[in-house]
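Structure assessment
Here's the letter readout for the chains.
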Amino acid sequence: PRERGVGVGARAGRPRRRALTLAALAGLLVAAGGASPAQSPAPTLAQLVGQKLVVTMSGSSPSPSLLARARRGEIGGVIVHGFNFSTAAQLRSITRQLHAAAAAGGQPRLLVAVDQEGGSVKTVPWIAPTVAPPRTGSVGVALDQGRRTGASLRALGVDIDLPLQAGAGRLAWL
């Protein structure tokens, strides 16, 4: 028979759990460390500055120079406008090309943005929101519109929906 309090109760298994926890944390630290500094060169000044830049795209597909800038890490994001595409397939192609260029250069994920506020301001006219922000009417409707917009944009490869800023009793651009 066991002695009372030995291997029973809240303290039972603590050394083993502690060892497993420490082993798991060590594994996470190694995994989170990624490549060593010797394998990943420090970003250049152009890359450090470029990662703060969000640029616009002209035309119906990313230009070779835009893709090269993404590959070199000289831009952090691209705003896509309604005049850049007319179908979902075209928009998906644009976002894939932009994301692939940054990935091919070993750069952080390039952020692709649209302005999908609702009402008259919609880069992608066939998806939510179907209600302009001032006409939302309730928190439930706003949440539904936001969830539907986010899911639709994610499916198209878009990372960011440019927000409105409320100020001084009116809506203003950020």
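Here we summarise the structure given alongside this text. All of these numbers come straight from a predicted model, not from anything done at the bench.

Another point: unusual backbone geometry. A cis amide bond links Ala-128 with the next residue in sequence, Pro-129, at an omega value of 5°. Within the secondary structure, Pro-129 sits in the loop between β5 (121-122) and α5 (139-155).

Take the sheet that holds strand β3 (residues 111-114) next. Strand order in the open sheet formed by 4 strands is β1-β2-β3-β6, and the pairing between neighbours is parallel. Looking along the sheet, the strands with just one partner apiece sit at the ends: β1 (54-56) and β6 (160-161). Sheet topology note: the strand β2 (residues 77-79)/β3 ladder contains 3 bridges and is parallel. Along β3, the bridge assignment pairs Val-78 with Val-112.

A word on helix α4 (residues 88-104). The terminal C-alpha atoms of α4, which comprises 17 residues, lie 24 Å apart, in line with the 24 Å expected from a rise of 1.5 Å per residue. Taken residue by residue, α4 has Leu-91, Ile-94, Thr-95, Leu-98, His-99, Ala-101 and Ala-102 as its buried positions. For α4, the angular spread of the buried residues around the axis is 155°, confining them to a single face. What points out from α4, more than 90 degrees from its buried face, is the exposed set Ala-89, Arg-96, Ala-103 and Ala-104. Tucked inside the fold, the buried residues of α4 contact α3 (64-72), β2 and β3.

This paragraph deals with a nonpolar patch on the surface. Residues Leu-45, Leu-48, Val-49 and Leu-53 make up a contiguous nonpolar surface patch of roughly 380 Å² in combined accessible area. Residue placement: Leu-53 occurs in the loop between α2 (45-50) and β1. The partly exposed category is assigned to Leu-53, whose relative accessible area is 38%.

Okay, the pattern of salt bridges next. Counted according to the given criterion, the structure contains 3 salt bridges. A salt bridge links Asp-159 to Arg-109; the nearest nitrogen and oxygen atoms lie 2.9 Å apart. Taken as a pair, Asp-159 in the loop between α5 and β6 and Arg-109 in the loop between α4 and β3 lie far apart in primary sequence, 50 residues in all. What makes Arg-109 exposed here is its relative accessible area of 52%. Notably, a salt bridge pairs Asp-144 with Arg-148, separated by 3.4 Å at the nearest N-O pair. Separated by 4 residues within a single helix, Asp-144 and Arg-148 lie in helix α5, roughly one turn from each other. For Asp-144, a relative accessible area of 37% gives the class partly exposed. The partly exposed category is assigned to Arg-148, whose relative accessible area is 37%.

Cut-offs and rules
Residues numbered from 1 in each chain as written. Predicted model: local features only at pLDDT ≥ 70, side-chain atom pairs only at ≥ 80, totals over all residues. Heavy atoms only, no water. Helix = DSSP H or I, 4+ residues; strand = E, 2+ residues; numbered from the N terminus. Pairing = 2+ DSSP bridges. Expected span 1.5 Å × (residues − 1). Buried < 20%, exposed > 50% of the residue type's maximum accessible area, 1.4 Å probe, protein only. Arc of directions from axis to C-beta. Contact = heavy atoms within 4.5 Å. Patch = residues over 30% accessible without salt bridge, like charges linked within 9 Å, V, L, I, M, F, W, Y side chains within 5 Å. Areas by Shrake-Rupley, 256 points an atom, 1.4 Å probe, with all protein chains shown as cover. Salt bridge = Lys/Arg side-chain N within 4 Å of Asp/Glu carboxyl O.

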